[in-house]
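Report on the structure
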Amino acid sequence: MAEPKTKYDRQLRIWGEQGQAALEKASICLLNCGPTGSETLKNLVLGGVGSITVIDGSKVELGDLGNNFLVDESSIGQSKAKCVCASLQELNDAVKAKFIEEYPETLIETNPSFFSQFTLVIATQLVEDSMIKLDRICREANVMLIFARSYGLTGFVRISLKEHTVIESKPDHFLDDLRLNNPWPELKRFAETIDLNVSDPVAHKHIPYVVILVKMAKQWTKSHDGQFPSTWEEKRAFKDLLKAKTIATDEDNYKEAVEASFKVFARRGISSNLRQIVDDSHAEVDSSSSDFWVMVAALKEFIANEGGGEAPLEGSIPDMTSSTEHYVNLQKIYQAKAEADVLVIEQRVRNILKKIGRDPDSISKANIKSFCKSARKLKVCRYRLLEEEFNSPIQPELQKYLTDEDYRYIRYLVVAVGFYILLRAVDRFAANYNSFPGQFDGGMDEDISRLKTTAVSLLSDLGCNGSTLTEDLINEMCRFGAAELHAVAAFIGGIAAQEVIKLFEGGSSSSVFSHDGLNFYYRAQLCEWAESIQRWSKTR
C-alpha cells in the first residue's frame, strides 16, 4: 500500500495536510446510490475519505447498467447498496466501507438518531418532504448535510449546516496588505534610509514603489493637515507629484508607484466584513467554542490593542522593480512584522484557552499562523433551514425574475429560477399522481398540462400570483421523465464532492449550485438569484 503522502500527493498540494487529515477522519453517509450518489462518493473515496456508509433499499435493475458504472450485469437482482459499496472499496482499500440495505425515507421516518454518528450526510434524489425532515434532523445533530439531485438535463447541489467558517477564502480580488497609508516604525525607518533625489540614474530607477509611496504619502500629509488624498482632484495631484519625481522615461518603478497609488487612498483599518465577524456574538467564547471563534476573540483583542485598529500583517509583498538589496530588505521587514503579530495573537489565544478551561496548547501554532495570514479574508457562512427557504422566500425578488421585463432578458437567471420552481413542482406532481411527469410512455400532453397547473399553484403559494413559467421549460421537464442521465449525474456528483472537500478543508462554499444542461452557457452557480431570491445563505 502506498504511503498517504505519496498516494495523495497531488491533492495535498491543493488543500494541504490539514484538509487531507480532516477528510481522512470523516465518516460520510450516502443516501441512494444511483448515478448521482455513486459519482459523488467515488470522488471522495478516491480522495481518501475515512469511512463511508451506503444506504439504499433497491435492487440493481437492467436500466442501472446504462447510467451507473459501479454495477454490471452480474449485479442485476442484487442489493444496489452492496454492489456499489464493493466497487467503491476496490477503488481505495484504505477507506472503510459498509452498506445498509434500507430505503433512506424509512430511516428518516423511523430512526432519525441514526444520522448523528456521521460527520456528513450526502442525500441524493430525495423529494422535498424527505429533504425538509432530514435537514431538521441533521441540524439538531450538528451533522453537515449536502443535497444533490440530477433530473434529466438539470439538477442542483445544496449545502445545509448551521455555520461554515472559512479562513482561506481565496477571494478573486483583494488588495495587497502593504500598509502604505499606515506604515509601522520599521518600515518608516527603512524608507527614510533611501533618498528619492539620488543623482545616480540606476539607483533612482531601482527604488521600490513601496518606498516611493510611503515617502510621498508622508510628504503629502505634512502639507495637508495629516490627511491623505480623498477627492478626485487630490488623487490626481498626488499622481502628478509622483510623475514629477521621474528623471527618465524608462523608470518602471515610478510607473508602478502611479499605478499602485490607489493603495495609499484606501481606507485604514479593517473591512466592514471583518468588523461584523469580530463583533459577532460567537466571539464571546466559552469552553464549547470552536477553534475558529477562539482565534477570532484573540484577533478582536489584537485589533483593539497592539494592532491599532489593523489586522495582523500578512507578511508578503508583490514583485516590483527594485534592486535585489532593497527588495530583500523590504521582504525581511514585512516578514518580521508578520511574525511579531503572530506571536502576539498566539499568546492571546493561549490566554483565552486557559481562561475558558481548555488546554492552552490545543490550537497549534501552525493553525494560528495560517489564521493570521488570512485574517483580513475570514468568512462566516450561515445557512437557512430548508423549510424556511421553501416556506418563506423573498417573494418580491422571486417575482421580479418571473415578471419584470428588465430581468427577463437575462436568460440564465430566468432559466435558473424556472428550473428551481419546476424541481419543486415535480415533487408535488409525484405526490399527487404517484409518478413524475413524463416518467411513463403515453399521456405526455396530460402530464404537461398537469405540471403547468402544479407549477402555477406552487407560484401562488409562494406569493407570485399571476406568474407563469415558459412553455419550453415545462415541456422539457416532462420530456426528462425524472431520468438520471450519467453525464449530468457525473457533473452534479463532481460539484457535490468538491463542496464536501471545501467544507472539510475550510474553503469557501456556495450554498446552492443549479445546473442547466440544455443551455450550459447559462448555468447559474449561486448567482444573483440564489442570494436575492431565497436568501439561502447569510454570509458574513
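Residues numbered from 1 in each chain as written. Predicted model: local features only at pLDDT ≥ 70, side-chain atom pairs only at ≥ 80, totals over all residues. Heavy atoms only, no water.

Applying the stated criterion to the full structure yields 10 aromatic pairs. Ring geometry for Phe292 versus Trp293: centroids 5.1 Å apart, planes at 90 degrees, classification edge-to-face. Here Trp293 falls in the buried class, since its relative accessible area comes to 3%. Judged by centre distance (6.2 Å) and plane angle (80 degrees), the rings of Phe292 and Phe371 are edge-to-face. Of this pair, Phe292 sits in helix α14 (residues 291–304) while Phe371 sits in helix α16 (residues 365–373), placing them 79 residues apart in sequence. (Phe/Tyr/Trp six-rings, centres within 6.5 Å; stacked < 30°, edge-to-face > 60°. Buried < 20%, exposed > 50% of the residue type's maximum accessible area, 1.4 Å probe, protein only. Helix = DSSP H or I, 4+ residues; strand = E, 2+ residues; numbered from the N terminus.)

With their axes 9 Å apart at the nearest point, α14 and helix α15 (residues 324–355) run at an angle of 120 degrees to one another. It follows from the interaxial angle that α14 and α15 lie oblique. When the axes of α14 and α15 are compared, the crossing they make is right-handed. Within the contact between the two elements, α14 uses Val294, Met295, Ala297, Ala298, Leu299, Glu301 and Phe302 and α15 uses Asp341, Val344, Ile345, Arg348, Val349, Ile352 and Leu353. Its residues assigned to classes, the contact of α14 with α15 comprises 11 nonpolar, no polar and three charged. (Axes fitted to C-alpha atoms, helices over the stretch in contact; angles between N-to-C directions. Parallel < 35°, antiparallel > 145°, perpendicular 65-115°, else oblique. Left-handed = near helix turned anticlockwise from the far one by under 90°. Contact = heavy atoms within 4.5 Å. Nonpolar A, V, L, I, M, F, W, Y, C, P; charged D, E, K, R; others polar.)

Consecutive residues of a regular strand have side chains that alternate between opposite faces of the sheet. Across the five residues of strand β4 (residues 120–124), five count as buried, placing the element largely inside the fold. Here four bridges tie strand β1 (residues 27–31) to β4, and the two strands are oriented parallel to one another. By the bridge assignment, Leu30 is partnered in β4 with Ile122. Sheet analysis places β4 next to strand β5 (residues 144–151), joined by five bridges and oriented parallel. Residue pairing in the sheet places Val121 in a bridge with Leu145 of β5. Assessed by its sense of winding, the connection that carries the chain from β4 through helix α6 (residues 128–141) to β5 is right-handed. (Pairing = 2+ DSSP bridges. Right-handed = clockwise from strand over helix to strand, strands pointing away.)

Here we come to unusual backbone geometry. Here the phi dihedral of Asn32 falls at roughly 75 degrees; this positive angle occurs in a residue that is not glycine. In this fold, Asn32 is placed in the loop between β1 and α3 (35–47). Asn32 sits in the buried class, given a relative accessible area of 14%. If you check the backbone angles, Arg179 has positive phi at about 55 degrees while not being a glycine. Checked against the element boundaries, Arg179 lands in the loop between β7 (164–166) and α7 (185–192).

Attention now goes to the packing of helix α9 (residues 209–222) against helix α11 (residues 252–259). Between α9 and α11, whose axes approach to 8 Å, the crossing angle comes to 60 degrees. Between α9 and α11, the interaxial angle falls into the category oblique. The two elements α9 and α11 meet at a crossing, and its hand is right-handed. Here Tyr209, Ile212 and Leu213 of α9 come into contact with α11, specifically with Asn253, Tyr254, Glu256 and Ala257. Looking at the contact of α9 with α11 residue by residue, the classes come out as five nonpolar, one polar and one charged.

Where α16 is concerned, the buried positions are Ile368, Ser370, Phe371 and Cys372. The inward-facing, buried residues of α16 abut α14 and α15.

Before going further, it helps to spend a moment on the nonpolar core. Core analysis: the biggest nonpolar cluster contains 50 residues, and Val121 and Leu134 have the highest contact counts within it. In terms of residue count, the dominant contributor to this core is helix α20 (residues 411–433) (11 residues). Leu134 has contacts with Leu31, Ile108, Phe115, Val121, Ala123, Leu126, Leu145 and Phe147, leaving out every residue within four places of it along the chain. By size, the runner-up hydrophobic cluster in this structure holds 39 residues, among which are Leu70, Leu88, Ala148 and Phe504. (Core = buried A, V, L, I, M, F, W, Y, C linked by side-chain atoms within 4.5 Å.)

Scanning the entire structure with this criterion turns up 38 salt bridges. As a salt-bridge pair, Asp129 and Lys133 come within 3.2 Å of each other at their nearest N and O atoms. In this pair, Asp129 and Lys133 are both assigned in helix α6, four residues apart and thus about one turn of the helix distant. A relative accessible area of 24% means that Lys133 is categorised as partly exposed. Residue Glu499 is joined to Lys502 by a salt bridge in which the shortest nitrogen-to-oxygen separation is 3.2 Å. Taken together, the residues span about one helical turn, with Glu499 and Lys502 both in helix α23 (residues 486–505) at a distance of three residues. The class of Glu499 is buried, set by a relative accessible area of 4%. Through salt bridges with shared partners, one network takes in Asp177, Arg179, Glu310, Glu314, Arg376 and Lys377. (Salt bridge = Lys/Arg side-chain N within 4 Å of Asp/Glu carboxyl O.)

Helical periodicity: at 3.6 residues per turn, an α-helix aligns residues three or four positions apart in one direction. With 20 residues, α23 should reach 28 Å at 1.5 Å per residue; the first-to-last C-alpha distance of 28 Å fits that figure. Every buried residue belonging to α23 is among Val488, Ala489, Ile492, Gly493, Ile495, Ala496, Ala497, Glu499, Val500, Ile501, Leu503 and Phe504, and all of these are buried. (Expected span 1.5 Å × (residues − 1).)

What follows is about the layout of surface pockets. The space that makes up the second largest pocket amounts to roughly 810 Å³. Around the second largest pocket, the lining is made up of 30 residues, and of these Gln125, Phe436, Gln439, Ala482 and Glu484 lie nearest the centre. Residue assignment for the lining of the second largest pocket shows that the elements contributing at least two residues are β5 and α20. (1 Å grid on protein atoms, 1.4 Å probe; cavity = no way out; pocket = protein on both sides within 12 Å on 5 of 7 lines; lining within 4 Å. Points joined across faces, edges and corners; volume = space filled by probe spheres on them.)

Examined against the element boundaries, Asn273 turns out to sit in helix α13 (residues 272–278). C-alpha separation for the pair Asn273 and Val380, spaced 107 residues apart in sequence, amounts to 9.4 Å.

Turning to the side chain of Ser27, a few remarks are in order. Note on placement: Ser27 falls in strand β1. Relative accessible area serves as the criterion here: at 16%, Ser27 is assigned to the buried category. Here Ser51 takes part through its side chain, which lies 3.3 Å from a polar atom of the side chain of Ser27. With sequence-adjacent residues up to four places away left out, Ser27 is seen in contact with Ser51, Gln117, Phe118, Thr119 and Leu120. (Polar contact = N/O pair within 3.5 Å; in protein donor to acceptor, adjacent residues only side chain to side chain.)

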